[in-house]
There are 2 protein chains.
Amino acid sequence: MASGDREESKCCFKEWMTTQEEDLSELFQALTVEPENIDQLKQLAEKSITHFQDYIKRRNKLAHKDISAYFAPNWCSPWENSLLWVAGCRPSLFFRLVYALSGSEVESNLTEFLLGTKEGYLGEVMSSTQLLMINALQSKTISEEERLTMKLAALQEDIADQPIAMIAKGLSKVGEMNGEVEKVLDNHGRQMVKVLEEADGLRMNTLKELVKILSPLQAVDFLVASKKLHLCVHNWGRQRDQKLGRKEIDEEC
Amino acid sequence: MASGDREESKCCFKEWMTTQEEDLSELFQALTVEPENIDQLKQLAEKSITHFQDYIKRRNKLAHKDISAYFAPNWCSPWENSLLWVAGCRPSLFFRLVYALSGSEVESNLTEFLLGTKEGYLGEVMSSTQLLMINALQSKTISEEERLTMKLAALQEDIADQPIAMIAKGLSKVGEMNGEVEKVLDNHGRQMVKVLEEADGLRMNTLKELVKILSPLQAVDFLVASKKLHLCVHNWGRQRDQKLGRKEIDEEC
């Protein structure tokens, strides 16, 4: 049963990556073929957010059974894992992406203007009101992110506190497990699950708020870029791993 | 060759764990059999620190070849990895351990006094001067730890910046690698190595300063507890993993 839980966690992630690939394809299609169909853009952005919410709900349920698997998942490459913050991306990353996109598109719009071509939507219509709202949301998000970073740090330090240190010190054989150790570690795990739930909540809310501020066209442009970035990071990490000769394990889902 | 690098990193860690087991045994022996032999205690504490320094030097050299392996090493359990801060323990954890030990030993000294037995040294002789010095070192360490946490966060967010986001956006196939991607990721890796080196430097210096403040007897008591804690965390994680049915890979070194 326990082994099955970790398998299920891995499948949950793999299915989420497949869903993102499908969503990306639909979003990209809408953006390039029918960018004037606002209703379709809105509906696809909402669908994308619903899929993220479904994934979060499912993995939070699984995390109760084996939380530590999520903090350094063996279904991701070490490189991808080195980028993780509380078992996922940093919500502040969304803003860096919006700024990177809007900056580059201001430039590319200039080129388009000069060349008479057209691509990209974020730079084009970002109003000062939007920039102010995004800036306010960013500040709020960063302070929440810092609060959770501190909460996780405290949990990591707790391991040196009583009773853990005392149990370790008192054991006759290093690494010996007993009922007391199990109880302390189970409790530690429950605290980690809470931090994960809060972090996922922050990721979800930040995404929702951001999409509300952006126009449907900008939102879809942002979602396309963020999904593409996530899929690229995942695949680049795997490719670098293969180059480094790391064995792939449990490839099947 | 590349595969050999990761194997070597794993062996480097395994050898470090074995060294710690041996050091622990010697330190514990000295503490229980000849606690009045101050020269021996001093020498063993120094030896322990030299071993840590050797390990850090060796792994920093290896990290240049494959840095991300250190941020979520596959030679540790996910549980142990979930406790990592910049590929190792938080230096602030040393203080939590000193306080936990000295607190518990104040209590245990009272028991000893009542029962006429004797064990533990940290609570016994901790002077107010020592406590003040430890407190000052702790503040300095925590602010350095926070600085490095922010540096790592910035590096994790950089992934959403240009040119990475732009490369991802521009790729015709998700996850496609090219020379430009490789160059950006190699540079990102070099920045990660710098953060690891700074974090290891902080761990090393904090340990050295702390041992200087403590008496030889207290220092050995602290080193015994910290090594025991590290070995326990490593073994507890593996045991929990086995319970969860996770396959052990690359067990041989």
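Structure first, text after, so check above.
The structure displayed is predicted, hence computed values, not measured ones.

## Describing the overall build of chain A
Argument step 1. Looking only at helices and strands, chain A has 10 helices and 0 strands in total.
Argument step 2. Its helices and strands taken in sequence order, chain A reads α-α-α-α-α-α-α-α-α-α from the N to the C terminus.
Argument step 3. A burial count over chain A gives 55% of its 253 residues as buried.
Argument step 4. Taking the intrachain contacts of chain A between residues at least 6 apart in sequence as the baseline, contacts between residues at least 24 apart amount to 78%.
Argument step 5. Of the accessible surface of chain A, which amounts to about 11500 Å², a share of 55% is contributed by carbon and sulfur atoms.

## Points about the packing of aromatic side chains
All names here are of chain B.
Argument step 1. Counted by the stated rule, this structure contains 8 aromatic pairs over all chains.
Argument step 2. Between the aromatic rings of tryptophan 16 and phenylalanine 52, the centroid separation amounts to 5.6 Å while the plane-to-plane angle is 25 degrees, which identifies the pairing as stacked. Taken together, the residues tryptophan 16 in helix 1 (residues 2-33) and phenylalanine 52 in helix 2 (residues 38-63) connect sequence positions 36 residues apart. Of the two residues, tryptophan 16 and phenylalanine 52, both sit in the buried class.

## Focus on the nonpolar core
Argument step 1. Of all hydrophobic cores here, the largest spans 71 residues; its most connected members are Ile134, Leu210, Phe222 and Trp236 of chain B.
Argument step 2. Those elements that provide at least two residues to this core are helix 9 (179-213) of chain A together with helix 1, helix 2, helix 3 (68-71), helix 5 (92-115), helix 7 (128-158), helix 9 (179-213) and helix 10 (216-243) of chain B.
Argument step 3. Ranked by residues supplied to this core, first place goes to helix 10 of chain B with 12 residues.
Argument step 4. Setting aside residues no more than four positions away along its own chain, isoleucine 134 of chain B makes contact with Phe95, Val98, Tyr99, Met126, Leu210, Ile213 and Leu214 of chain B.

## Structural notes on the packing of helix 2 (residues 38-63) of chain A against helix 10 (residues 216-243) of chain A
Residues and elements named next belong to chain A.
Argument step 1. Relative to each other, helix 2 and helix 10 sit at 40 degrees, their axes nearing to 9 Å. Here helix 2 lies oblique to helix 10, going by the angle between them. Considering only the axes of helix 2 and helix 10, their crossing is left-handed. Between helix 2, through Ile38, Leu41, Lys42, Ala45 and Ser48, and helix 10, the contact on the second element is made entirely by Pro216, Leu217, Val220, Leu223 and Lys227.
Argument step 2. The residue inventory of the contact of helix 2 with helix 10, partitioned by class, reads 7 nonpolar, 1 polar and 2 charged.

## A word on the packing of helix 7 of chain B against helix 9 of chain B
Residue and element names in this part refer to chain B.
Argument step 1. Running from N to C, helix 7 and helix 9 point in directions that differ by 175 degrees, and their axes come no closer than 11 Å. Classed by the angle they form, the pair helix 7 and helix 9 counts as roughly antiparallel. Residue-level inspection shows Gln130, Met133, Ile134, Leu137, Thr141, Glu144, Glu145, Arg147, Leu148, Lys151, Leu152 and Leu155 of helix 7 in contact with helix 9, the latter providing His188, Gln191, Met192, Val195, Glu198, Ala199, Leu202, Thr206, Glu209, Leu210 and Ile213.
Argument step 2. By residue class, the composition of the contact of helix 7 with helix 9 is 12 nonpolar, 5 polar and 6 charged.

## What about the pattern of salt bridges?
Residues and elements named next belong to chain B.
Argument step 1. Tallied over the entire structure, the rule returns 28 salt bridges over all chains.
Argument step 2. Put simply, lysine 47 and glutamate 26 hold a salt bridge, and the shortest N to O gap is 2.6 Å. In this pair, lysine 47 sits in helix 2 while glutamate 26 sits in helix 1, placing the two residues 21 residues apart along the sequence.
Argument step 3. For glutamate 26, a relative accessible area of 35% puts it in the partly exposed group.
Argument step 4. Put simply, glutamate 198 and arginine 147 hold a salt bridge, and the shortest N to O gap is 2.6 Å. Linking glutamate 198 in helix 9 with arginine 147 in helix 7, this pair joins segments that are 51 residues apart in sequence.

Conventions we followed
Residues numbered from 1 in each chain as written. Chains lettered and ligands numbered in written order. Predicted model: local features only at pLDDT ≥ 70, side-chain atom pairs only at ≥ 80, totals over all residues. Heavy atoms only, no water. Helix = DSSP H or I, 4+ residues; strand = E, 2+ residues; numbered from the N terminus. Buried < 20%, exposed > 50% of the residue type's maximum accessible area, 1.4 Å probe, protein only. Contact = heavy atoms within 4.5 Å. Areas by Shrake-Rupley, 256 points an atom, 1.4 Å probe, with all protein chains shown as cover. Phe/Tyr/Trp six-rings, centres within 6.5 Å; stacked < 30°, edge-to-face > 60°. Core = buried A, V, L, I, M, F, W, Y, C linked by side-chain atoms within 4.5 Å. Axes fitted to C-alpha atoms, helices over the stretch in contact; angles between N-to-C directions. Parallel < 35°, antiparallel > 145°, perpendicular 65-115°, else oblique. Left-handed = near helix turned anticlockwise from the far one by under 90°. Nonpolar A, V, L, I, M, F, W, Y, C, P; charged D, E, K, R; others polar. Salt bridge = Lys/Arg side-chain N within 4 Å of Asp/Glu carboxyl O.

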